[in-house]
Amino acid sequence: MPEAKQERSKKRIQIILDTAEKILLDEGLESLTIANISKYSGLKRTSTYKFFPTADSLKEALIIKYINDCSEYFEEKSYNINTENLSVVILRYVEILYDYFQESSSAQIIILKNTVNPPIDSSVIRILSTTIQSYIESNIKLPDMHNKDGIYRVLTQVVISIFSLNVKESGLLNETGKIEAHRAGYSYMQNWVNQSS
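Being a predicted model, the structure only gives us computed values, none of them experimental. (Residues numbered from 1 in each chain as written. Predicted model: local features only at pLDDT ≥ 70, side-chain atom pairs only at ≥ 80, totals over all residues. Heavy atoms only, no water.)

### Section: the packing of helix α4 (residues 55-77) against helix α5 (residues 86-103)
- Where α4 contacts α5, the axes come no closer than 10 Å and their chain directions differ by 130°. By the angle class used here, α4 and α5 are oblique. For α4 against α5, the interelement crossing comes out right-handed. Contacts between α4 and α5 pair Y66, D69, C70, Y73, F74 and K77 from the former with R92, Y93, I96, L97, D99, Y100 and E103 from the latter.
- Partitioned by chemical class, the residues of the contact of α4 with α5 number 8 nonpolar, no polar and 5 charged. (Axes fitted to C-alpha atoms, helices over the stretch in contact; angles between N-to-C directions. Helix = DSSP H or I, 4+ residues; strand = E, 2+ residues; numbered from the N terminus. Parallel < 35°, antiparallel > 145°, perpendicular 65-115°, else oblique. Left-handed = near helix turned anticlockwise from the far one by under 90°. Contact = heavy atoms within 4.5 Å. Nonpolar A, V, L, I, M, F, W, Y, C, P; charged D, E, K, R; others polar.)

Laid out in structure tokens, this is it:
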């Protein structure tokens, strides 16, 4: 019996997240409320509250989902590009992230356009930064760096922050965001390489 209940819970969570994504795309972030989730999903409000007690907890679940999706997308699209040029490796990393956000309007809305809480938790960013670290280190030999995991988390945050600023200033993610994210990401990593050499 508990297994059937668990399966039902998983289905309800999926219905809630799918409904949240639809609301996000059709009506925007401000319409992402528990009342609207219940209204559009056909689930009772109490059922929605059971899984997501607040709108912020729902937003957080969506952010985690999109960061996981982004990490999977990155693994799918990245490959060894056989170069010792750090700038080229960082550019490819930025391009893959850029392509993910271009293909996922809902991720762009909640991660890049979102100026409300909750912020992206560092444990969530770690999911993506670990994937990026594997990609960069499989392509180029970097010197040993103190707090390497932290460096890659900051690199990931830098690129996402620049994309976010680009979206807020231009209304959409564009080439300027990609160029600036590459420039900042490369400068940040080059600085660490120089310090560690």
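Next comes the rest of the description.
### Looking at the side chain of S38
- Its place among the elements puts S38 in helix α2 (residues 34-41).
- S38 gets classed as buried once you look at its relative accessible area, which sits at 10%.
- The residues touching S38, leaving out its near neighbours within four places in the chain, are L43, K44, R45 and T48. (Buried < 20%, exposed > 50% of the residue type's maximum accessible area, 1.4 Å probe, protein only.)

### Here we look at the side chain of S87
- Within the fold, S87 resides in helix α5.
- Excluding residues that lie within four positions of it along the chain, S87 makes contacts with H182 and Y186.

### Quick look at the confidence of the model for the chain
- Looking at the chain, the pLDDT average stands at 89 and 94% of residues meet or exceed 70.
- Mean pLDDT values for the elements of the chain range from 87 in helix α3 (residues 45-51) up to 95 in α5. (pLDDT = per-residue confidence, 0-100.)

### Quick look at helix α6 (residues 105-112)
- Taken across its 8 residues, α6 has 7 buried, putting it largely inside the fold.
- Looking at α6, one finds that the buried residues are S106, A107, Q108, I109, I110, I111 and L112.

### Overview of the nonpolar core
- Counting 57 residues, the largest nonpolar core has L32, Y93, I136, F163 and M189 as the members making the most contacts within it.
- Elements that contribute at least two residues to this core include exactly α1 (2-27), α2, α4, α5, α6, α7 (122-139), α8 (148-170) and α9 (175-196).
- The leading source of residues in this core is α5, at 10 residues.
- If near-sequence neighbours (up to four positions away) are discounted, L32 is found in contact with A20, I23, L24, I37, A55, L58, K59, L62 and I110. (Core = buried A, V, L, I, M, F, W, Y, C linked by side-chain atoms within 4.5 Å.)

### Here we look at the packing of aromatic side chains
- Taken as a whole and judged by the stated rule, the model has 6 aromatic pairs.
- With a centroid separation of 6.0 Å and 65° between ring planes, the pair formed by F74 and Y93 is classed as edge-to-face. One end of the pair, F74, is in helix α4; the other, Y93, is in helix α5, and 19 residues separate them in sequence.
- A residue is classified by how much of its surface remains accessible, and F74, at 0% relative accessible area, is buried.
- Here Y98 and F163 contribute two aromatic rings whose centre-to-centre distance is 6.1 Å and whose plane-to-plane angle is 65°, an arrangement assigned as edge-to-face. In this pair, Y98 is assigned in helix α5 and F163 in helix α8, connecting sequence segments 65 residues apart. An identical accessibility class is assigned to Y98 and F163; each is buried. (Phe/Tyr/Trp six-rings, centres within 6.5 Å; stacked < 30°, edge-to-face > 60°.)

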